[in-house]
Amino acid sequence: MTSAVLFSGGLDSAVLLAHERAASDRVVPIHVRSGLAWEGAEAQAIARLLAVPPLAGRIEPLRSLSVDMRDVYPPTHWAMTGQPPAFDTPDEDVYLDGRNIILISKAAVLCARLGCGRLALGPLAGNPFPDATPDFFTAMAQAMSLGLDHPLEIAAPFAALHKEAVIARGRDLGVPLELTLSCMNPSADGAHCGACSKCRERQHAFRDAGIEDPTRYLTRM
């Protein structure tokens, strides 16, 4: 079976990529760029991760797609300016309208062209957003399969896991978690800001997993 994975270089998607490789004959990583402020840093994290074990030499070449959202989100939007909500803000404050709709739609077309029957992405337990529910993924799989005349499963293998469980799985799979990027305002050299809500989630998850956090933060809250 050939599987495609929406891969951002983040902790969850890196572990997902290794997870899918263990279960599939071929795995194609797909990075979708939409004009968001941190995507350059994502690309650097992706390059680092694909150059080392357990991913190097075992994963198909990266496919990079673009769906420009700068004509939808205003220039002042936090995801355009790179000024995310603060450390203790709720998940709802970083909601990007239709994010999974955008990612899945274009990736699904590529999957049909490549003959991939499975597209995996990495939402975790407790995700509050409407485009990360089982009903949404089922409906999107049906729509993409019909519209492309190509059977496509849209899978969220980690939907019942919290981040600390994903970290533990990544450790067991040998994923170099220190090379992953889970930050909405990273520095030019790839350090985590330490002050956004994604950094908070990462710090707390390593703590809850009982695993030393190898991440380089500019500051720790």
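Scroll up to find the structure this text is about.
Predicted model, so just to flag it, every value in this text is computed and none were measured.

Engineer: Looking at this structure, I do not really get the pairing of strand β3 (residues 63-66). What am I missing?
Structural biologist: In the case of a regular strand, side chains alternate between the two sheet surfaces. Relative to β3, strand β2 (residues 26-33) runs parallel, the two sharing four bridges. When the bridges of β3 are listed, Ile30 appears paired with Arg63. Handedness of the crossover joining β2 and β3 through helix α2 (residues 39-50) is recorded here as right-handed.

Engineer: I would appreciate a short explanation of the side chain of His192 in the present structure.
Structural biologist: Topologically, His192 is positioned in the loop between α6 (163-173) and α7 (197-209). By relative accessible area, which is 2% here, His192 ends up buried.

Engineer: Sorry if this is basic, but what is going on with the packing of aromatic side chains here?
Structural biologist: One pair of aromatic rings is described through two measures. These are the centre distance and the angle between the planes. Summed over all chains, the structure comprises three aromatic pairs. Ring geometry for Trp38 against Trp78: centres 5.7 Å apart, planes inclined by 20°, an arrangement best described as stacked. Taken together, the positions of Trp38 in the loop between β2 and α2 and Trp78 in helix α3 (residues 78-81) put the pair 40 residues apart, joining distant regions of the chain. Each member of the pair Trp38 and Trp78 is classed as buried. Relative to Phe129, the ring of Tyr95 has its centre 4.9 Å away and its plane inclined at 35°; by these criteria the two rings are tilted. Placement of the pair is Tyr95 in the loop between α3 and α4 (99-114) and Phe129 in the loop between β4 (118-120) and α5 (134-148), with a sequence separation of 34 residues. Given the relative accessible area of 16%, Phe129 is considered buried.

Engineer: Explain the packing of α4 against α5 here, please?
Structural biologist: In a packed pair of helices, the relevant descriptors are the angle between the two axes and the axis-to-axis distance. Relative to each other, α4 and α5 sit at 40°, their axes nearing to 10 Å. The crossing of α4 and α5 is right-handed. Contacts from Asn100, Ile101, Ile104, Ser105, Ala108, Val109 and Ala112 of α4 reach α5 at Phe136, Phe137, Met140, Met144 and Leu148. Considered class by class, the residues forming the contact of α4 with α5 number ten nonpolar, two polar and no charged.

Engineer: Would you mind showing me how to read the pairing of β2 here?
Structural biologist: Here β2 lies mainly inside the structure; six of its eight residues are buried. Note that strand β1 (residues 2-6) and β2 share five bridges and pair parallel. Bridge pairing in β2 links Thr2 to Arg26. Chirality of the crossover, the property in question, places the unit of β1, helix α1 (residues 11-23) and β2 among those that are right-handed.

The rules behind these values
- Throughout this description, residue numbers start from 1 for each chain and increase along the sequence as written.
- Two thresholds apply to this predicted model, a pLDDT of at least 70 for residue-level local features and 80 or more for giving and counting side-chain atom pairs, whereas whole-chain, interface and lining totals are computed over all residues.
- To get the side-chain values, take all heavy atoms of the structure and skip hydrogens and water.
- Any two strands between which DSSP finds at least two bridges are classified as paired.
- Secondary structure elements follow DSSP: runs of H or I of four or more residues count as helices, runs of E of two or more count as strands, with numbering from the N terminus.
- The crossover handedness rule: strands pointing away from the viewer, path from first strand over the helix to second strand clockwise, crossover right-handed.
- Here the term buried applies to any residue with accessible area under 20% of the maximum for its type, exposed to any over 50%, and partly exposed to those in between, with areas from a 1.4 Å probe on protein chains only.
- For this analysis, a ring pair means two rings from Phe, Tyr or Trp (six-membered ring only for Trp) whose centres lie within 6.5 Å, classed as stacked if their planes differ by under 30 degrees, edge-to-face if by over 60, and tilted for the remaining angles.
- The convention used is that axes are lines fitted to C-alpha atoms, helices contributing only their stretch in contact, and that angles between N-to-C directions extend from 0 to 180 degrees.
- A crossing counts as left-handed when the near helix is turned anticlockwise from the far one by less than a right angle, and as right-handed when that turn is clockwise.
- Between two residues, a contact is recorded if the distance between any of their heavy atoms is within 4.5 Å.
- Amino acids outside the nonpolar list (Ala, Val, Leu, Ile, Met, Phe, Trp, Tyr, Cys, Pro) and the charged list (Asp, Glu, Lys, Arg) are all regarded as polar, and Gly is one of them.

Geometric descriptors of this kind do not, in isolation, establish any biological role.
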